[in-house]
Amino acid sequence: MLERLGIDGVQEQVYEHVLTHPGRSAAELAQDLPGASLDALVSKRLLRVEDGKYSAVPPAVALQGLLDARQLELDQVATRVQELERLHRATPYPVRQSPVEVVPGDQAHAYLLAIHRATRSEVRAFETPPYVKRISPEDAQVSADAIQHGVVHRIVYSRAAVDEQGLDTLLVTLSVGEQARVTGDVPLRLAIYDNQVATLPMVTGTRTSEGLLVVRPSSLLDALIALFERVWTAALPLALGSEEPGEDGDHTLIALLSAGMTDQAIARQLGISLRTVGRRIQRVQSSLHAETRFQAGVAVGLARSAG
């Protein structure tokens, strides 16, 4: 367990034993731990010896010092990585060949994860199928963690993406502050990180596992950013409620209704029957004094704009 701090398994066992059996001599400890090297642990300041008796340096002192030293090393490595990245971005394109990099499909997932974790300011994305696999709430946790660390997420979902991901997955990020909108369809699967890099499938409509394009600062990146902002402006807000599937609260139903989801999709997401969906939509229309679903959606949109 402590190997990352330079303490092997045998040394850890010796340290734990002395920690729980203080005040013993080397001869006494040798009976319980034959062949144990006490001197090595003394040199690492994990054990101390006084009058021939051994005791363990408290973990909060001994191990925290090692942790701090390792953290300093990691911070120095992180600083070096940032320096190298700045050099990479500053290198003229003729040397780097092209602002567009092709990443093989078998490396795409790890590449996307690394870029996302390196993002410090904002992620903007179009979300739409097809996905490499069925999306689960666990898959959204990386984005949720980033949002909680201050990285703004603005996402435009296609209706197909909302239907496929489902409320359980969407609420993982929406509940911690993701700004989400929805439209009938989006032009392509796209993610933009910190205005510095964009990623998209090699071929529109295919999975990233079939190949990934990475776009660095260039006129192409500028065009992708402009495209996102135009679609974002035209899309409808997606403000899902916290009620669980099957509850009678209408907040989520109204959100799905105003996003243009079909009755079948709403029924799947809420875990209720089509008949119940119809009854609840009628109730919502009545409460909003709307004669049609469209009027109800417009009323909700106006209310949100006013708010």
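Right, let's walk through the structure included here. The shown structure was predicted, so the numbers you read here are calculated from the model rather than taken from an experiment. (Residues numbered from 1 in each chain as written. Predicted model: local features only at pLDDT ≥ 70, side-chain atom pairs only at ≥ 80, totals over all residues. Heavy atoms only, no water.)

### Examining the pattern of salt bridges
Counted according to the given criterion, the structure contains 9 salt bridges. Note that Glu73 and Arg70 form a salt bridge whose closest N and O atoms lie 3.2 Å from each other. Taken together, the residues Glu73 and Arg70, both in helix H4 (residues 59-90) and 3 residues apart, mark about one turn of the helix. In this structure, the salt-bridge partner of Glu101 is Arg216, at a minimum N-O distance of 4.0 Å. With Glu101 in strand S4 (residues 100-103) and Arg216 in the loop between strand S10 (212-215) and helix H9 (219-234), this residue pair connects regions lying 115 residues apart in the sequence. (Salt bridge = Lys/Arg side-chain N within 4 Å of Asp/Glu carboxyl O. Helix = DSSP H or I, 4+ residues; strand = E, 2+ residues; numbered from the N terminus.)

### So, the packing of aromatic side chains
Within a pair of aromatic rings, the relevant descriptors are the distance that separates the centres and the angle that separates the planes. Counted according to the given criterion, the structure contains 2 aromatic pairs. The interplanar angle of 25° and the centroid separation of 6.0 Å between the aromatic rings of Phe228 and Trp232 together place this pair among those described as stacked. With Phe228 and Trp232 both in helix H9 and 4 residues apart, the pair spans about one turn of that helix. The exposure classification of Phe228 matches that of Trp232, with both residues buried. Grouped by ring-pair contacts, the aromatic residues Phe126, Phe228 and Trp232 constitute a single cluster. It is Arg154 that lies over the ring of Trp232; its NZ or CZ is 5.1 Å from the centre. (Phe/Tyr/Trp six-rings, centres within 6.5 Å; stacked < 30°, edge-to-face > 60°. Buried < 20%, exposed > 50% of the residue type's maximum accessible area, 1.4 Å probe, protein only. Lys NZ or Arg CZ within 6 Å of the ring centre and 35° of its normal.)

### Quick look at the pairing of strand S7 (residues 179-183)
What you see with S7 is a clean split: Ala180 and Val182 sit on the buried side and Gln179, Arg181 and Thr183 on the side with no burial. Summarising the sheet, strand S6 (residues 152-158) and S7 pair through 5 bridges and their orientation is parallel. Among the inter-strand pairings, Ser158 is bridged to a residue of S7, identified as Thr183. For the crossover from S6 across helix H8 (residues 159-174) to S7, the handedness is right-handed. Across 2 bridges, the pairing between S7 and strand S11 (residues 236-237) is antiparallel. Bridging across to S11, Arg181 finds its partner in Pro237. (Pairing = 2+ DSSP bridges. Right-handed = clockwise from strand over helix to strand, strands pointing away.)

### A short note on helix H1 (residues 9-20)
The end-to-end C-alpha distance of H1 is 17 Å, a good match for the 16 Å that 12 residues give at a rise of 1.5 Å each. For H1, every residue scored as buried is listed here: Gln11, Val14, Tyr15, His17 and Val18. Burial along H1 is one-sided: seen end-on, the buried residues are contained in an arc of 165°. Summarising the geometry of H1, the exposed residues directed more than 90 degrees from the buried face are Gln13, Glu16 and Thr20. (Expected span 1.5 Å × (residues − 1). Arc of directions from axis to C-beta.)

### Side note on the sheet that holds strand S3 (residues 53-56)
An order of S1-S3-S2 is seen for the 3 strands of this open sheet, with the pairing classed as antiparallel. Edge positions in the sheet fall to strand S1 (24-25) and strand S2 (47-50), since each of these pairs with one other strand and no more. Sheet topology places S1 next to S3; 2 bridges connect them, and they run antiparallel. Bridge assignment links Ser25 to a residue of S3, and that residue is Lys53. The sheet strands contacting H1 are S1, S2 and S3, and the helix crosses S3 at an angle near 105°. (Contact = heavy atoms within 4.5 Å. Axes fitted to C-alpha atoms, helices over the stretch in contact; angles between N-to-C directions.)

### Quick notes on the sheet that holds strand S5 (residues 122-127)
One open sheet holds the 8 strands; their spatial order is S4-S10-S9-S8-S5-S6-S7-S11, and the pairing between them is mixed. A strand with exactly one partner marks an edge of an open sheet, and here the two such strands are S4 and S11. Pairing between strand S9 (residues 197-201) and S10: 4 bridges, direction antiparallel. Along S10, the bridge assignment pairs Thr199 with Val214.

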